[in-house]
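# Observations on the model geometry
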Amino acid sequence: MKKVNIAIVGATGMVGRTFLKVLEERKFPINNLYLFASKRSAGNKVEFNGSEYIVEELNEDSFKRDIDIALFSAGGDISKRYAPIAKENGVIVVDNSSAWRMDQDVPLIVPEVNPEDVQWNKGIISNPNCSTIQAVLPLKVLNDAFKIKRIVYSTYQAVSGSGVGGIMDLENGIEGIPNQKYPHQIAYNCIPHIDVFMDNGYTKEEIKMIEETKKILNDSTLRVTATTVRVPVRHGHSISINLEFEKEFDLTEVYSVLENAHGIIVQDDVENDIYPMPINAEGTNEVYVGRIRRDFSLDNGINLWVVADNIRKGAATNTVQIAELLIDII
């Protein structure tokens, strides 16, 4: 496999550091590695594959060198400013922010679902929202088999989805220290408020899940609704997904479809209390599906419980998988 030159923007952040772990674990074929971050992080030393790298301050000249792929995880404002500059310098950007996700000229990719979309990239590729990523793996194969009419999402999202500030609010809240990141105490609490509220009463996070699902599955007619909730869990998002199919189904068929899907592990043995939980998903790259059962309140309805590590599959691992797709086309 040919080696490529990789840059990481936001290299000292939670996702940026996980980029490095995943690149190392997956033995990504790197020739030269460049690490960029803010001015306050510049000069930090980071170890990768037994070598030490110095973090550079990101600026407009950072991409004027031989870089093939840049993995961005430094927030939407940084992506909007620097992704076009990288693109102009011949770099393909894989961006982990929400800045480009709904741009019609930017592919929104989950490699197990729509890898072919990498072919029409124009220099920028978006990594979807963490909750959307783990949801669309089972949805893709179930949609292929039974054709989905309607999706209802209810999420239980870990505090690490808010970065270090979210984790600190949880840990400090347990000690009785007032919250700084969230509008309310997260310790011993659930907050039905992720990102900002829109004029229609939905939060931006809910709208992301709705619109990104349609884009990734390439079906603007899908009926999707969502309620997203922050819960006092450090790592690992959980989603209750209610589906209505157009076709009739047998539960054994559903199990077979999910068990044979790439990237999915079915954990569903309720007699022995086996079902997906975020505490077990932490540190892994797979999507776990369980509590698979009919919804008897409607024809062709089903319920699923879907769990994944939001920093891994929901961010870093999916981004690296996209970069792997690019190796053969750059």
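A short tour of the structure in this document, coming up. (Residues numbered from 1 in each chain as written. Predicted model: local features only at pLDDT ≥ 70, side-chain atom pairs only at ≥ 80, totals over all residues. Heavy atoms only, no water.)

## Brief notes about the overall build of the protein chain
Broken down by element type, the protein chain carries eight helices and 14 strands. The globule rule puts the C-alpha radius of gyration for 330 residues at 20 Å, and the 20 Å found for the protein chain is close to it. Taking the principal axes of its C-alpha atoms as reference, the protein chain extends roughly 60 × 50 × 40 Å. Looking at the protein chain as a whole, 52% of its 330 residues qualify as buried. When the accessible surface of the protein chain is summed, it comes to about 15,000 Å², and 45% of that surface belongs to carbon and sulfur atoms. Across the protein chain, 34 positive and 46 negative side-chain charges occur, with their mean positions spaced 4 Å apart. (Helix = DSSP H or I, 4+ residues; strand = E, 2+ residues; numbered from the N terminus. Rg over C-alpha atoms; globule rule 2.2 N^0.38 Å. Buried < 20%, exposed > 50% of the residue type's maximum accessible area, 1.4 Å probe, protein only. Areas by Shrake-Rupley, 256 points an atom, 1.4 Å probe, with all protein chains shown as cover. Lys, Arg positive; Asp, Glu negative; His and termini not counted. Charge placed at Lys NZ, Arg CZ, Asp CG, Glu CD.)

## Thoughts on the pairing of strand β1 (residues 4-9)
The buried count for β1 comes to six of six residues, which makes it a mostly enclosed element. The alternating pattern of β1 places V4, I6 and I8 and N5, A7 and V9 on opposite faces, both of which are buried. When β1 meets strand β2 (residues 30-37), the two strands line up parallel, connected through five bridges. Along β2, the bridge assignment pairs V9 with F36. Following the backbone out of β1, through helix α1 (residues 14-25) and into the adjacent parallel β2, one traces a crossover that is right-handed. (Pairing = 2+ DSSP bridges. Right-handed = clockwise from strand over helix to strand, strands pointing away.)

## Topic: the sheet that holds strand β6 (residues 69-72)
What the six strands build is an open sheet, ordered β5-β2-β1-β6-β7-β8; its pairing is parallel. A single partner strand is all that each edge strand has here, and the edge strands are β5 (56-57) and β8 (124-126). Sheet topology note: the strand β7 (residues 92-95)/β8 ladder contains three bridges and is parallel. In the sheet register, V93 faces β8, and the bridge partner there is I124. Its contacts with the sheet place α1 against β1, β2 and β6, and it is angled at close to 155° to β1. On the sheet, helix α8 (residues 312-326) packs against β6, β7 and β8 and is oriented at approximately 165° with respect to β6. (Contact = heavy atoms within 4.5 Å. Axes fitted to C-alpha atoms, helices over the stretch in contact; angles between N-to-C directions.)

## A word on the sheet that holds strand β11 (residues 237-245)
Here six strands make up an open sheet; going across it, the order is β10-β9-β11-β14-β13-β12 and the pairing mixed. In the strand order of this sheet, the two ends are held by β10 (223-230) and β12 (264-266), each with one partner. Each adjacent strand pair in this sheet contributes to an overall mean axis angle of 25°, direction not counted. The strands that helix α3 (residues 130-146) touches are β9 (148-157), β11, β12, β13 (287-295) and β14 (301-308); relative to β11, the one it contacts most, it runs at about 25°. Docked against the sheet, helix α6 (residues 251-259) engages β12, β13 and β14, running at close to 170° with respect to β13.

## Structural notes on a nonpolar patch on the surface
Together, V270, Y275, M277 and I279 make up a nonpolar patch on the protein surface, roughly 370 Å² of accessible area in all. Mapped onto the elements, Y275 comes out in the loop between β12 and α7 (278-281). (Patch = residues over 30% accessible without salt bridge, like charges linked within 9 Å, V, L, I, M, F, W, Y side chains within 5 Å. Salt bridge = Lys/Arg side-chain N within 4 Å of Asp/Glu carboxyl O.)

## With respect to the packing of aromatic side chains
Under the counting rule described, the total for this entry stands at seven aromatic pairs. One aromatic cluster is present, built from ring pairs that chain together F36, F63 and F72. The ring centre of F249 lies 4.1 Å from the NZ or CZ of R294, which sits over that ring. (Phe/Tyr/Trp six-rings, centres within 6.5 Å; stacked < 30°, edge-to-face > 60°. Lys NZ or Arg CZ within 6 Å of the ring centre and 35° of its normal.)

## Structural notes on the packing of α3 against α8
Packing of α3 against α8 leaves a shortest axis separation of 8 Å and a crossing angle of 85°. In terms of axis orientation, α3 runs roughly perpendicular to α8. Of α8, the residues touching α3 (which contributes C130, I133 and L137) are K313, G314 and N318. Of the residues assigned to the contact of α3 with α8, the class counts are three nonpolar, two polar and one charged. (Parallel < 35°, antiparallel > 145°, perpendicular 65-115°, else oblique. Nonpolar A, V, L, I, M, F, W, Y, C, P; charged D, E, K, R; others polar.)

## Structural notes on the state of the cysteines
Evaluated as defined, the whole model comprises zero disulfides. As a non-bridged cysteine, C190 has C130 as the owner of its nearest cysteine sulfur, 17 Å distant. Exposure remark for C190: the relative accessible area of 47% places this residue in the partly exposed category. (Disulfide = S-S within 2.5 Å.)

## Let's talk about the pattern of salt bridges
Using the criterion set out here, one finds 15 salt bridges in the structure. Note that K64 is salt-bridged to D61, the shortest N-O span being 3.0 Å. With a relative accessible area of 57%, K64 lands in the exposed category. Exposure remark for D61: the relative accessible area of 47% places this residue in the partly exposed category.

Read these as geometric descriptors, not functional statements.
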